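Each chain, letter by letter, is given below.
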Amino acid sequence: MSEATMPPWTAEQVQALAPDASSFASARKLAASGGWSTTGTGGEPAGLWGLCKGSGSSPYQICVDLTEPAYKCSCPSRKFPCKHALALLLRWSGGQVTATEPPDWMTQWTTARGARAEKKAERTTVPRTEAQEKAAQRRADKRAESVAGGVAELRVWLADQIRHGIAGLDQSGYKPFEQVAARLVDAQAPGLAAAVRRLAPLPSSGAGWEQRLLAELSLLHLLTGAVGADELPEELAATVRARVGAPATTEQVLATPPVRDTWQVIGVRDETEDKLTSRRVWLRGRDTGRAALILSFAAPGQALPVDLVLGTEVEADLCFHPGATPLRALVAARHGAPSQCPQPGPVPIVAAALRELAAALAGDPWLTGWPLLLYGTLVPGTPWHLVDADGDALPLDPAAGDPWRTAAVAGGRPVTLAAEWTPAGLRPLTVYADEEVVRA
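On a predicted model such as this, the values are computed, not experimentally measured, just so you know. (Residues numbered from 1 in each chain as written. Predicted model: local features only at pLDDT ≥ 70, side-chain atom pairs only at ≥ 80, totals over all residues. Heavy atoms only, no water.)

Engineer: Just checking my understanding: could you explain the packing of helix 6 (residues 175–186) against helix 7 (residues 190–199) for this structure?
Structural biologist: Helix packing for two helices is described by the angle between their axes and how far apart those axes are. At their nearest, the axes of helix 6 and helix 7 sit 8 Å apart, and the two run at 175° to each other. On the basis of the axis angle, helix 6 is roughly antiparallel to helix 7. Contact residues: helix 6 offers F177, E178, V180, A181, A182, L184 and V185, while helix 7 offers P190, L192, A193, V196, R197 and L199. A class-by-class count of the residues in the contact of helix 6 with helix 7 yields 11 nonpolar, no polar and 2 charged. (Axes fitted to C-alpha atoms, helices over the stretch in contact; angles between N-to-C directions. Helix = DSSP H or I, 4+ residues; strand = E, 2+ residues; numbered from the N terminus. Parallel < 35°, antiparallel > 145°, perpendicular 65-115°, else oblique. Contact = heavy atoms within 4.5 Å. Nonpolar A, V, L, I, M, F, W, Y, C, P; charged D, E, K, R; others polar.)

Here it is as structure tokens:
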């Protein structure tokens with residue numbers, strides 16, 4: 001399939017790109033309005049363009065590169081993509097945009113983007129000087145010293161919890177955990193700080209909180225014991241560094257052997273913590289069956305990347321962060337435009353999924369999320385379960401709420417479900433039914 005004949009996305013996929021609910025609501029109204037004077041699709045790479053009446057005398061120029069995707073609009077909005085780009089995508093989704101030759105302003109934009117990409121590639125290939133290498137080593141040594149101090153304090157705190165007991169923590173609130181986490185942030189160990197903050201809600205999580213807290217304290221004790229340990233296998237040492245909060249650099253990741261596959265975008269989840277928004281894009285390789293996570297962050301006022309669209313697949317090279325259980329990855333290169341993916345695969349049975357999870361946890365016992373594709377029936381209960389044809393079941397995470405939207409799409413029938421495994425259960429991401437891709 002050529003890029004110029006790329007099939008339109010669904011409205012659900014367009015909605016997944018919206019920065020917030022109000023932007024999508026405004027885009028739907030704008031898509032149905034009569035303010036559009038020009039729209040078109042085509043070109044190389046495949047794109048969309050349109051002119052939409054705005055508040056000024058000149059219409060807004062909207063450009064969309066469908067292969068990334070990437071967006072540009074002459075409106076003053078700081079949201080990304082803006083309502084005009086979303087509205088243009090919705091019109092394309094509804095069959096209201098026809099193929100034609102791109103105007104000059106669209107061609108200029110795509111040409112400029114290509115030139116910038118080439119310059120960026122050239123910059124990344126320039127080796128660092130000896131002075132830069134020495135400066136980087138000094139910073140790394142200083143950070144390692146700071147982290148070691150923070151880890152030592154954390155070990156003392158963990159020992160105190162066991163020595164004095166945890167019986168009173170359900171009355172102490174978040175303060176004891178937040179104080180430790182703040183010290184770890186100062187020690188440049190943000191991964192450990194996040195792990196401590198995840199402990200804070202457990203004492204107030206209801207019956208059985210003691211067992212859950214002790215299990216997490218044990219994992220944290222295991223991690224602090226691994227920091228700085230001698231003779232760790234390199235892959236495990238890389239996992240420990242990443243869990244502490246010192247993942248490999250982009251240059252180091254891109255230097256690893258790439259994995260080429262048709263990568264299916266099976267789930268997108270946004271979360272906000274301390275005003276920092278993170279986006280987790282879950283992928284599964286159609287041929288290799290590998291799981292992958294593309295993680296990005298945005299500070300307040302910044303836009304998150306929207307280059308991987310839910311319900312699509314793209315042939316690409318992924319480079320994985322080093323570790324005993326490689327999961328987080330970067331897209332190193334794309335080979336062609338993305339295409340629709342109404343039925344992802346392969347879809348294992350529950351028993352096979354559990355074997356995959358066991359292997360992943362054997363390499364990284366601190367793993368808190370893993371993307372799964374499963375086929376089965378949603379069964380209500382406390383908690384809900386996904387039951388496959390063999391009668392094996394996996395529980396859903398009660399904290400994610402009852403999955404009524406997913407159940408409504410399934411209509412009591414077996415469906416393919418993309419879900420994020422967590423220690424508390426599955427968190428539904430996407431449901432595939434009747435050639436539809438619906439965000440759970």
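Back to the text.
Engineer: Explain helix 9 (residues 234–244) to me, please; I cannot follow it from the model alone.
Structural biologist: One turn of an α-helix holds 3.6 residues; hence residues three or four places apart share an orientation. Among the residues of helix 9, A237, A238, T239, V240 and V244 are the ones counted as buried. Along its buried surface, helix 9 packs onto helix 5 (130–164), helix 7 and helix 8 (209–226). Residue G245 follows helix 9 closely and has a positive phi angle near 120°. (Buried < 20%, exposed > 50% of the residue type's maximum accessible area, 1.4 Å probe, protein only.)

Engineer: I tried to follow the packing of aromatic side chains on my own but got confused; where do I start?
Structural biologist: The description of an aromatic ring pair rests on the distance of the ring centres and on the angle between the ring planes. On inspection of all chains with the given rule, the structure shows 5 aromatic pairs. Between the aromatic rings of Y71 and F80, the centroid separation amounts to 5.6 Å while the plane-to-plane angle is 80°, which identifies the pairing as edge-to-face. By relative accessible area, which is 8% here, Y71 ends up buried. Classification of F80 as partly exposed rests on a relative accessible area of 33%. (Phe/Tyr/Trp six-rings, centres within 6.5 Å; stacked < 30°, edge-to-face > 60°.)

Engineer: Sorry, what's going on with the sheet that holds strand 2 (residues 47–52) here?
Structural biologist: Two modes of strand pairing occur in sheets, parallel and antiparallel, and in both the strands are linked by backbone hydrogen bonds. If you trace the 4 strands from one edge of the open sheet to the other, you get 1-2-3-4, paired in antiparallel fashion. Edge positions in the sheet fall to strand 1 (36–42) and strand 4 (70–73), since each has one partner strand and no second. Recorded for the sheet is a direction-independent mean angle of 10° between the axes of neighbouring strands. This element, helix 3 (residues 83–93), spans strand 1, strand 2, strand 3 (60–65) and strand 4 of the sheet and lies at about 65° to strand 1. (Pairing = 2+ DSSP bridges.)

Engineer: What am I meant to see in the pairing of strand 7 (residues 291–298) here?
Structural biologist: The element strand 7 is largely enclosed, with a buried count of 7 among its 8 residues. Relative to strand 7, strand 6 (residues 276–285) is paired through 8 bridges, and the arrangement is antiparallel. Directly across from R279, in strand 7, lies its bridge partner S296. Taking the residues between adjacent antiparallel strands as the criterion, strand 6 and strand 7 are bridged by 5 residues, where G289 takes a positive phi near 75°.

Engineer: Just to check I follow, could you spell out the pattern of salt bridges for this structure?
Structural biologist: A side chain of one charge can pair with a side chain of the opposite charge when the charged atoms of the two come close. Following the criterion strictly, the structure yields 17 salt bridges and no others. R280 is the salt-bridge partner of E420, the closest N and O atoms lying 3.9 Å from each other. Of this pair, E420 sits in strand 14 (residues 415–422) while R280 sits in strand 6; the two residues are 140 residues apart in sequence, bridging distant segments of the chain. Of the charged contacts in the structure, one is a salt bridge between R286 and E313, with a shortest N-O distance of 3.0 Å. Remark: E313 occurs in strand 8 (residues 312–320) and R286 occurs in the loop between strand 6 and strand 7; sequence separation between them is 27 residues. With a relative accessible area of 14%, E313 lands in the buried category. Taken together, the salt bridges that share partners define one network made up of R269, R280 and E420. (Salt bridge = Lys/Arg side-chain N within 4 Å of Asp/Glu carboxyl O.)

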